[in-house]
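Commentary on secondary and tertiary structure
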Amino acid sequence: MPRGAAILSALLVWLSSAAPAAADETLRVGSKRFTESYVLGELLAQAAAPYARTEHRQGLGNTGILLAALKAGEIDVYPEYTGTIALEILKQKHVPPLDQLRRELATQGLGVDVPLGFNNTYALAVRGDMASLRTVGDLTRHGGFRFGLSHEFIGRSDGWPGLAQRYGLAQQPHGLDHGIAYEALQQRQVDVIDIYSTDAKIVKYGLRVLDDDRAYFPRYDAVLLYRLDAAQRFPAAWQALRQLQGRIPADSMIAMNAAAEIDGKDFSAIARDWLAAHAVGQGGQVVPGAPAKDGMANRQGVMSRLLADDFWPLTRQHVMLVALSVALACLLGIPLGVLAAFVPKVRQPVMALAGMLQTVPSLALLAMLIPLMGSIGTAPALVALVVYALLPIVRNTCAGLCQVPDGLRLAAQALGLRPWQRLLHVELPLALPVLLAGVKTAAVISVGTATIAALIGAGGYGERITTGLALNDHALLLAGALPSAALALLVQGAFEIVEKFSRKQM
């Protein structure tokens, strides 16, 4: 076990330091996993491109993941909102002036600047035919409404907990991804959803935005949250970004969101068109994030999305994540399974630990790993995948060894075989079918779980899935889900062949 753990540790250290040498010369822009953030992130990357090499790491997840990536130096800047910075990041009870936000963020090596010109506050919305509802307070006078709220809104200090307390709302909300909430409302699966005031779908679906009659929601003015050293490392690019100050009114942002969500335009094309129309950031080359290379324009069909130019790069990334994570899980899990089989006192603690790790929510694990490892991308994604693959490998290794007949062990001992020789030449071969079944289970699980890697910029089919969720684009969702399912079937079939071959050898 020590040797396996040492190999695992060395590999993870190598992966975490495997970033290109030119990474420090690249201005890395991050964005969250919703349409407006994708668009703004692409706009920032293109505006700075004439003055620095830029990279847009799209759809990295929620505020916690973006903030951890920013502090770890994995990204340099991302679009954020003053309400989120004050209430969620700095844990204040109100939104102070921008100068005060700057002072408090400076102690963390961060800065806030460049108000973009629009306020994208939270609000609650209902269907247009719900005539009895005009204000949030009306929800307390008419019971029985089903709330479908985004997971981040449910958990944020400036979201559902405070809203429910301010208005005395006793309902228990259901968690919904923001990208599918509008359709759930239209199909009458829920009655109330949380929205952003610049969402393009408000008009499309004819929704009624409820008046915040008790003034709960603060202003969420769009700004840039950045590392202080980024402005010093990229002075010309930063000056280009400062040209965006006050240039994006709410109606322009709504129009850009509509271009993505309703017209199906590519994020990079939307940003390029806006910059060209406003004479900002002309010329230069952008290194876009993977979703911008999806060729998403004009809402093509499933087959054209499936076989788009990014298919093989995403496939290589996904296969690499699965193969490496399962290999590392075997290096760690098989020795743990052997230990559990031959040392009964540690069997239950080992199984309990593997089982507990399996239950840690993926987003929570990723949010914890980013500051611990100081990076986003492949390294923390691999650690998370190894954690989720451990249980079946450890359990089946232990179970297979425990099923070896005592008579065979005694016979091997009578032949003069040493303990390690008995393990390698008698016990492990006999336990191999059960052990392989555990590895097969871990591999199939990893194919599906690897889609979370896209949330921290590690690639794979999850990039299509997360972008499809943000845009509620079913074709793009299927273009990510179908190859993932096909890969799981291929992995299953490959292990079936290996198991048949191993049985013949026995």
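Residues numbered from 1 in each chain as written. Predicted model: local features only at pLDDT ≥ 70, side-chain atom pairs only at ≥ 80, totals over all residues. Heavy atoms only, no water.

Looking only at helices and strands, the chain has 23 helices and 10 strands in total. For the chain, the residues scored as buried account for 56% of the 506 residues in total. The long-range share in the chain, meaning contacts at least 24 apart out of those at least 6 apart in sequence, stands at 78%. Just so you have it, the chain exposes about 21,500 Å², and 60% of that area is on carbon and sulfur atoms. (Helix = DSSP H or I, 4+ residues; strand = E, 2+ residues; numbered from the N terminus. Buried < 20%, exposed > 50% of the residue type's maximum accessible area, 1.4 Å probe, protein only. Contact = heavy atoms within 4.5 Å. Areas by Shrake-Rupley, 256 points an atom, 1.4 Å probe, with all protein chains shown as cover.)

For Asp199, the position within the fold is in the loop between strand S8 (192-196) and helix H10 (201-204). At 2.4 Å, the side chain of Asp199 and the side chain of Tyr182 are in polar contact. Setting aside residues up to four positions removed in sequence, Asp199 forms contacts with His178 and Tyr182. (Polar contact = N/O pair within 3.5 Å; in protein donor to acceptor, adjacent residues only side chain to side chain.)

Turning to a nonpolar patch on the surface, a few remarks are in order. On the surface, a cluster of nonpolar side chains totalling about 210 Å² of accessible area is made up of Leu339, Phe342 and Val343. Tracing the backbone shows Val343 in the loop between helix H16 (311-342) and helix H17 (344-358). (Patch = residues over 30% accessible without salt bridge, like charges linked within 9 Å, V, L, I, M, F, W, Y side chains within 5 Å. Salt bridge = Lys/Arg side-chain N within 4 Å of Asp/Glu carboxyl O.)

Turning our attention to the nonpolar core. In this structure, Leu139, Leu163 and Leu244 are the most contacted members of the largest nonpolar core, which totals 130 residues. By residue number, the principal contributor to this core is helix H19 (residues 378-402), which donates 14 residues. Apart from residues lying up to four places away in sequence, Leu139 is in contact with Leu124, Leu133, Phe145, Phe147, Leu169, Gln171, Val192 and Leu210. Ile195, Ile202, Tyr205 and Leu207 belong to the second largest nonpolar core, which has 13 residues in total. (Core = buried A, V, L, I, M, F, W, Y, C linked by side-chain atoms within 4.5 Å.)

Counted under the stated rule, the structure contains 13 aromatic pairs. Here Tyr182 and Tyr205 contribute two aromatic rings whose centre-to-centre distance is 6.1 Å and whose plane-to-plane angle is 20 degrees, an arrangement assigned as stacked. With a gap of 23 residues between them, Tyr182 in helix H9 (residues 178-186) and Tyr205 in the loop between H10 and strand S9 (207-209) connect regions that are remote in the sequence. Neither residue differs from the other here; Tyr182 and Tyr205 are each classed as buried. Ring centres of Phe311 and Trp312 lie 5.0 Å apart, and the angle between their planes is 75 degrees; on these two criteria the pair is classed as edge-to-face. Overall, Trp312 belongs to the exposed group, its relative accessible area being 56%. (Phe/Tyr/Trp six-rings, centres within 6.5 Å; stacked < 30°, edge-to-face > 60°.)

On to the environment of Leu124, then. As for its placement among the helices and strands, Leu124 is situated in strand S5 (residues 122-127). It is 8.6 Å that separates the C-alpha atoms of Leu124 and Tyr196, two residues lying 72 residues apart in sequence.

Quick look at the pattern of salt bridges now. Under the criterion given, the structure shown has 22 salt bridges. Across the pair Asp191 and Arg127 runs a salt bridge, and its minimum N-O distance is 3.1 Å. Here the residue Asp191 occupies a position in the loop between H9 and S8, and Arg127 occupies one in strand S5, the gap between them amounting to 64 residues. Take Asp191 and Arg127: they sit in the same class, and that class is buried.

Bringing empty space enclosed by the protein into the picture now. Unfilled space is identified by rolling a water-sized probe across the atoms. One pass over the full model with this rule turns up two cavities of 30 Å³ or more. Estimated volume of the second largest cavity: approximately 90 Å³. The class makeup of the residues in the lining of the second largest cavity is five nonpolar, two polar and four charged. (1 Å grid on protein atoms, 1.4 Å probe; cavity = no way out; pocket = protein on both sides within 12 Å on 5 of 7 lines; lining within 4 Å. Points joined across faces, edges and corners; volume = space filled by probe spheres on them. Nonpolar A, V, L, I, M, F, W, Y, C, P; charged D, E, K, R; others polar.)

As a further point, take the pairing of S5. The buried fraction of S5 is high, at six of six residues. Pairing between S5 and S8: four bridges, direction antiparallel. The partner of Leu124 across the bridge, within S8, is Asp194. Here three bridges tie S5 to S9, and the two strands are oriented antiparallel to one another. Opposite Val126, over in S9, you have Arg208 as the bridge partner. (Pairing = 2+ DSSP bridges.)

Bringing the sheet that holds strand S6 (residues 147-150) into the picture now. Taking strand neighbours across the sheet as the criterion, the five strands line up as S7-S6-S8-S5-S9 in an open arrangement whose pairing is mixed. One side of each edge strand has no neighbouring strand; the edge strands of this open sheet are strand S7 (174-176) and S9. The average undirected angle you get between the axes of adjacent strands in this sheet is 40 degrees. H9 contacts S5, S6, S7, S8 and S9 of the sheet and is inclined by roughly 135 degrees relative to S8. (Axes fitted to C-alpha atoms, helices over the stretch in contact; angles between N-to-C directions.)

Moving on, we come to the environment of Ala230. Position of Ala230 among the secondary structure elements: in helix H11 (residues 228-233). Accessibility expressed as a relative area gives 3% for Ala230, which makes it buried. Counting along the chain gives 119 residues from Ala230 to Gly111, while the straight-line C-alpha distance between them is 9.7 Å.

Packing of H16 against H19 leaves a shortest axis separation of 6 Å and a crossing angle of 40 degrees. For the element pair H16 / H19, the angle class is oblique. Judged by the sense of rotation from one axis to the other, the crossing of H16 with H19 is right-handed. Across the contact of H16 with H19, the residue classes break down as 25 nonpolar, five polar and no charged. (Parallel < 35°, antiparallel > 145°, perpendicular 65-115°, else oblique. Left-handed = near helix turned anticlockwise from the far one by under 90°.)

In this section: helix H12 (residues 235-242). Listing the buried residues of H12 in full gives Ala237, Trp238, Ala240 and Leu241. Down the axis of H12, the buried set is contained in an arc of 155 degrees. They therefore lie on one face. Check the buried side of H12 and you find it contacts strand S1 (26-30), helix H2 (35-48), strand S3 (77-81), strand S4 (110-113), strand S10 (222-227) and H11. (Arc of directions from axis to C-beta.)

Moving on: the layout of surface pockets. What the second largest pocket holds in volume is close to 520 Å³. Taken together, 25 residues form the lining of the second largest pocket, with Gly61, Asn62, Thr63, His151 and Glu152 sitting closest to its centre. Breaking the lining of the second largest pocket down by element, the ones donating at least two residues are helix H3 (63-71), helix H4 (82-89), helix H7 (151-155) and helix H18 (362-373). The leading source of residues in the lining of the second largest pocket is H7, at four residues. Residue classes in the lining of the second largest pocket are distributed as 10 nonpolar, eight polar and seven charged.

A few words now on unusual backbone geometry. The phi dihedral of Lys91 is positive, around 60 degrees, even though this residue is not glycine. Looking at where Lys91 falls in the secondary structure, it is placed in the loop between H4 and helix H5 (98-106). Taking relative accessible area as the criterion, Lys91 reaches 59% and is therefore assigned exposed. Located in the positive-phi region is Arg188, a residue other than glycine, with phi close to 60 degrees.

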